[in-house]
Amino acid sequence: SYHNLLILCCLSRGVYSTQPSTSTETETETELNLNRASLLMIMIIGIIRVAAALLLTPLTQRYLQPFAHARTDAENEVKLILQRIEEDTLKLRDEVENAYTQRCSIETLSQCSRGSFNGCSSVFPNQQCMEADELVVEACGGGSGGGCNALWDKTTSIVSIPSALAQGTDDNPTDPELIETACYTLLAEDYMRTKYENDEIFWDSYNVQPSWTYFGAHNGLFRKLPGTVDEECGNYDPRLRPWFVAASSGPKDAVLVLDVSGSMSDYGRMDLAKEAAITVIKTLTISDRVAVIAFSDYAYQVHSDSDSGTDLLVRATNENKKLLIDSIQNLTDGGATNFHAGFQQAFDALERTIEQEYTSGCNVAILFMTDGVRTAGPETDEVLSLINDSTQRLATLYNRDTKIFTFSLGAQADRLATKEIACSTNGIWTPVGDFDGDLVGAMASYYKLFALGLGDDTEFTAWVEPYEFFWTKQMGTTNSAPVFDRSVDPPLFLGVVASDVHMDAFEQVLGENAQSSTMLQRFIRLSTAQCPKIDLSDCQLEGLRYLAGGEEATCGICNSTDYPGIIPTECPFNPDLPKNLWQNTDVEGVKYEDRACCEIG
């Protein structure tokens, strides 16, 4: 090779130009012999390398290049599959957004009365037994021995509502917006049915069954197709799912700052704090980075990055989330309450993470949870200075937009300090009751704010880390996209559409296990492509505060009439809203196996 020839030329020149002036003849002869030996060795190595290259080139072309080409073909095929899924998700989003524009029509409301099926209490119109090669539900026998296992309806969508939000007769919602949501999403059922039929054809070539398509509303309502029976009635909340928050907030660095002082033992506040923190942790995805800071007299990080060995934010993988949740559950209360220490530890962890490039590269959310009583450390004014100086530093040095969310935990909590922190730092304060039935809604202010940064992006979709599906026990992933009312400014966040995808096809094409690190990295790349850009007016931010905690949570900047695009407008025909959404409640109160199974194996 040219490289070897160059070495030979340089060495040869060095040998024959040697002119010792002070050495003896013996020393000179020895040096020349060593140089000649070195030259001979280099020549031999060069000959071997050239010969090897000549011999291996045909083998490389024959065996390795086809492998490389096959690998490229496989990657391209997967890209096409992913592209198809994303396009379908965006089409479903368009259908739901179009349906929303018709939510107040008399026809929509009249069709909605007794027009939906409840996942817990309804018999479906076209239900049939699942084949064993379609889905396996172990509680129903799994179709063993040629028997049936569970019922489903491929032509009908079902609706689920968290029990705390379904307070009417026969588990109907009473909130007008929830009723409107059930009505307008019913208009998207035809598209969902057609999509499933097309998916059956497409996935058949990979010997893979299509999975569910669904919509989760910002108010907690959930509609999915095919229709299947809910196992745990009233427990499913789409806002708790990673696919929902991934599509509504995009990638982020999230730091939870948790009060563990002695006063948190009063009125069960410590349990409420743990539940609130775990609720947030569960919603995070692999595109996010997260840390949990506990503080009392001092502050510390409850779980650090094992790879770096330092207190950095960790990627929100399923494994890391489990470790964080275990750490939160093991926290104990005691000591005084030092707000300054908690915030200082949070900002230190953020800056270390950003400097070492372990960050999501996107927006920063600090969620501060306390009973609101500061008993140690610097005064509130110094805490405010720390927060404002630190957020400015992150913006100036690292171009990071940091939002502060404060939560007063418990009905007896002191709310003055936490609200003051939010109002003085362009943040949002939320009061959380002792027995808040809608804790998910109470903790939702952070993703609702970030969702506003995605309203102008019509191409954004999110992917989540492969996980085990509840029904099939197979590995799968979910692609999701945010849904908006785009007729107002800023666009009003309505919820998230999503499609589940089994990993079997990807495993077949790529020859990789769904849980492999290579597969995980592929979805990490897909999930970190878009950072929401948040640009809110003072009145829009005030509107978000109103959503988070009512008039009490606002900072006195604007009137409620000045919240365009933030507060949903009600239909003018509220008296005409249907009182009963369910087509039937024939299996209400019946145990799961008797509702779900066509034959118990």
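Parameters and conventions
- Residues numbered from 1 in each chain as written.
- Predicted model: local features only at pLDDT ≥ 70, side-chain atom pairs only at ≥ 80, totals over all residues.
- Heavy atoms only, no water.
- Salt bridge = Lys/Arg side-chain N within 4 Å of Asp/Glu carboxyl O.
- Helix = DSSP H or I, 4+ residues; strand = E, 2+ residues; numbered from the N terminus.
- Buried < 20%, exposed > 50% of the residue type's maximum accessible area, 1.4 Å probe, protein only.
- Contact = heavy atoms within 4.5 Å.
- Polar contact = N/O pair within 3.5 Å; in protein donor to acceptor, adjacent residues only side chain to side chain.
- Pairing = 2+ DSSP bridges.
- Core = buried A, V, L, I, M, F, W, Y, C linked by side-chain atoms within 4.5 Å.
- Axes fitted to C-alpha atoms, helices over the stretch in contact; angles between N-to-C directions.
- Parallel < 35°, antiparallel > 145°, perpendicular 65-115°, else oblique.
- Nonpolar A, V, L, I, M, F, W, Y, C, P; charged D, E, K, R; others polar.

This brings us to the pattern of salt bridges. Taken as a whole, this structure holds 19 salt bridges when the rule is applied. The partner of Lys-154 in a salt bridge is Glu-200, and the shortest N-O contact between them spans 3.3 Å. On the criterion of sequence distance, the pair formed by Lys-154 in the loop between β2 (151-153) and β3 (158-160) and Glu-200 in helix α5 (residues 189-204) is long-range, its members being 46 residues apart. Classification of Lys-154 as buried rests on a relative accessible area of 15%. The partner of Arg-393 in a salt bridge is Glu-351, and the shortest N-O contact between them spans 2.6 Å. Taken as a pair, Arg-393 in helix α10 (residues 380-398) and Glu-351 in helix α9 (residues 339-355) lie far apart in primary sequence, 42 residues in all. Among the charged side chains, a salt-bridge network with shared partners connects Arg-84, Asp-88, Lys-195 and Asp-199.

With respect to the helices and strands, the residue Thr-461 is situated in the loop between α13 (445-451) and β14 (462-463). Distance from Thr-461 to Ala-246, taken between C-alpha atoms, is 8.7 Å for residues 215 residues apart in sequence. When sequence neighbours within four positions are dropped, the list of residues in contact with Thr-461 reads Glu-86, Leu-90, Asn-479, Ser-480 and Ala-481. Polar contacts involving the side chain of Thr-461 include one to the side chain of Asn-479, which spans 3.3 Å.

With that settled, consider the pairing of strand β16 (residues 475-485). In terms of burial, β16 is a largely internal element, eleven of the eleven residues being buried. Of the pairings in the sheet, the one linking β14 to β16 comprises two bridges and is antiparallel in character. Considered in β16, the bridge of Trp-463 is made with Asn-479. Sheet topology note: the strand β15 (residues 467-468)/β16 ladder contains two bridges and is antiparallel. What sits directly across from Tyr-467, in β16, is Gly-476. In terms of strand pairing, β16 meets strand β17 (residues 492-502) through ten bridges, oriented antiparallel.

We now examine unusual backbone geometry. A cis geometry characterises the amide bond from Leu-225 onward to Pro-226, with omega recorded as 0 degrees. Residues other than glycine seldom take positive phi values, yet Asp-170 does so here, at roughly 55 degrees. Examined against the element boundaries, Asp-170 turns out to sit in the loop between β3 and α4 (176-186). The exposure class assigned to Asp-170 is partly exposed, which follows from its relative accessible area of 30%. In the Ramachandran plot, Asp-171 falls in the positive-phi region, its phi being about 60 degrees despite a non-glycine side chain. Within the element layout of this structure, Asp-171 appears in the loop between β3 and α4. Since its relative accessible area comes to 40%, Asp-171 is described here as partly exposed.

Moving on: the nonpolar core. Counting 107 residues, the largest nonpolar core has Leu-256, Ile-281, Leu-367, Met-369 and Tyr-446 as its most contacted members. For this core, the element with the highest residue contribution is helix α7 (residues 269-283), accounting for eight residues. If near-sequence neighbours (up to four positions away) are discounted, Leu-256 is found in contact with Ala-277, Val-280, Ile-281, Val-290, Ala-291, Val-292, Ile-293, Leu-367 and Met-369.

We now examine the packing of α9 against α10. In the contact formed by α9 and α10, the axes pass within 9 Å of each other and the chain directions differ by 10 degrees. As far as their axial angle goes, α10 and α9 are roughly parallel. Packed against α9, whose contacting residues are Phe-339, His-340, Phe-343, Gln-344, Phe-347, Leu-350, Glu-351, Ile-354 and Glu-355, the element α10 presents Glu-382, Val-383, Leu-386, Ile-387, Ser-390, Thr-391, Arg-393, Leu-394, Leu-397 and Tyr-398 at the interface. Split by residue class, the contact of α9 with α10 holds eleven nonpolar, four polar and four charged.

This brings us to the environment of Thr-391. Locating Thr-391 in the fold gives a position in helix α10. With 27 residues separating them in the primary sequence, Thr-391 and Val-364 have C-alpha atoms 9.4 Å apart. Aside from chain neighbours lying at most four places away, what touches Thr-391 is Phe-347, Arg-400 and Thr-402. Here Asn-388 takes part through its backbone oxygen, which lies 3.0 Å from a polar atom of the side chain of Thr-391.

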